[in-house]
Amino acid sequence: MAKKNKSGDMDGGDDLQLALVQMRLAQAQTGERSVIVLEGRDAAGKDGTIKVLTEHLSLRSTRVVALPKPSDCEKSQWYLQRYIAHLPAAGELVIFNRSWYNRAGVEVVNGFSTPAEQAQFLKDVPRFEAMLVESGIKLVKLWLDIDKAEQKERLDDRASNPLKALKRSPLDAVAQDKWDDYTKARDTMLTATHIDVAPWICVKADHKKKAHKAVLRYVLRALAPDEVAKTVPEPDAEVLFVYEKAALKDGRLEK
């Protein structure tokens, strides 16, 4: 049984993991389809967050999708087309480790797409996500945010640690130099694609354990059946919050 505090709420750790298992068992029975979009700064902790989310889940019904560069054929398609094939079937949870939002972030900063393509994406994606939700998919969008000093420390560790060689990317070398460009792209993306049916949830991820706990709580409250969700405390508001434009200036999101 999951451990509970005196109020009857789950208090973190193994109990949240058990609640995730209970959530997935319920989703398998009901056929519910869920998508988690995980975005953030380079080295913000996307891989670690996915590990925490999937640690005890079955890979047969929980899929992590991290698409490579598009092929020439895919480049000729509607941008969102290749992501559609990876959307969940009945009872599945799909986690996108970076997603269609590459077009609003990495591609903007590094010139991998044209300004016209980027503008069209910002028009298309709110309608696309609204269609997903209207079709019955539950959609959670998480933005992991870290400060510049923390990013440097993590990137330096990634560069020097042989066990993290598979995490390295040529783009790591420019993440710090292009910090301000990424900030501008982030702000534009969050503002243009934050909609009522698919809001952005921002996570201050400088402290990994606090961020993981907040994400677990949020995902459970958003996706778990009521009998599980109601036992999960709200995430720490100092760590996780729903995006609003004021956060761009009041210090909640790093500049």
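Residues numbered from 1 in each chain as written. Predicted model: local features only at pLDDT ≥ 70, side-chain atom pairs only at ≥ 80, totals over all residues. Heavy atoms only, no water.

Draft legend 1. Here's a closer look at helix α7 (residues 148-160). End to end, α7 covers 18 Å across 13 residues, agreeing with the expected 18 Å (1.5 Å per residue, within 8%). Every buried residue of α7 is listed here: Glu150, Gln151, Arg154, Leu155 and Arg158. All buried residues of α7 lie within an arc of 130° about the axis, which places them on one face of the element. Among the exposed residues of α7, those pointing more than 90 degrees away from its buried face are Ala149, Glu153, Ala159 and Ser160. Where α7 is buried, its residues touch α8 (172-175), α9 (179-193) and α10 (208-223). Structurally, the start of α7 carries an N-cap: the backbone nitrogen of Ala149 is 3.2 Å from a side-chain oxygen of Asp147. (Helix = DSSP H or I, 4+ residues; strand = E, 2+ residues; numbered from the N terminus. Expected span 1.5 Å × (residues − 1). Buried < 20%, exposed > 50% of the residue type's maximum accessible area, 1.4 Å probe, protein only. Arc of directions from axis to C-beta. Contact = heavy atoms within 4.5 Å. Polar contact = N/O pair within 3.5 Å; in protein donor to acceptor, adjacent residues only side chain to side chain.)

Draft legend 2. The arrangement of the side chain of Arg41 in detail. By the element assignment, Arg41 lies in the loop between β1 (34-40) and α2 (46-54). Among buried Asp, Glu, Lys and Arg side chains, Arg41 stands out as unpaired, with Asp145 the closest opposite charge at 4.0 Å. Among the polar contacts made by the side chain of Arg41, one reaches the main-chain carbonyl oxygen of Trp179 at a distance of 3.3 Å. (Lys, Arg positive; Asp, Glu negative; His and termini not counted. Salt bridge = Lys/Arg side-chain N within 4 Å of Asp/Glu carboxyl O.)

Draft legend 3. The sheet that holds strand β5 (residues 200-204), seen in detail. Taken together, the six strands give an open sheet; going across it, the order is β2-β3-β1-β4-β5-β6, and neighbouring strands pair in mixed fashion. Because the sheet does not close on itself, it has two edges, and the strands there are β2 (62-65) and β6 (240-242). With strand direction ignored, the average angle separating the axes of adjacent strands in the sheet is 20°. Along the sheet face, α10 touches β1, β4 (138-145), β5 and β6 and points at about 165° away from the line of β4. (Pairing = 2+ DSSP bridges. Axes fitted to C-alpha atoms, helices over the stretch in contact; angles between N-to-C directions.)

Draft legend 4. Examining the packing of aromatic side chains more closely. In this structure the tally under the stated criterion is 10 aromatic pairs. Note on Tyr83 and Trp100: the rings are 5.8 Å apart at their centroids and 85° apart in plane angle, and the pair reads as edge-to-face. Linking Tyr83 in helix α4 (residues 81-84) with Trp100 in the loop between β3 (93-97) and α5 (106-110), this pair joins segments that are 17 residues apart in sequence. Taken as a pair, Tyr83 and Trp100 share a single burial class, namely buried. Measuring from centroid to centroid gives 6.4 Å for Trp100 and Tyr101, while their planes differ by 40°, and the two rings are tilted. Taken as a pair, Trp100 and Tyr101 share a single burial class, namely buried. Its guanidinium or amino end placed over the ring of Trp179, Arg41 lies 3.5 Å from that ring's centre, counting from NZ or CZ. The cationic tip of Arg252 hangs over the ring face of Phe241; the distance from NZ or CZ to the ring centre is 5.0 Å. (Phe/Tyr/Trp six-rings, centres within 6.5 Å; stacked < 30°, edge-to-face > 60°. Lys NZ or Arg CZ within 6 Å of the ring centre and 35° of its normal.)

Draft legend 5. View of the pairing of β3. With five of five residues buried, β3 is to be regarded as a mostly interior element. Pairing analysis gives five bridges linking β1 to β3, with the strands arranged parallel. Among the inter-strand pairings, Val37 is bridged to a residue of β3, identified as Phe96. The pairing of β2 with β3 spans four bridges and is classified as parallel. Of the residues in β3, the one forming a bridge with Val65 is Phe96.

Draft legend 6. Structural view of the confidence of the model for the protein chain. Scored by pLDDT, the protein chain comes out at a mean of 94, with 95% of its residues at no less than 70. Confidence over residues 1-12 falls short of pLDDT 50; this stretch has 27 contacts with residues more than four positions distant or in other chains. (pLDDT = per-residue confidence, 0-100.)

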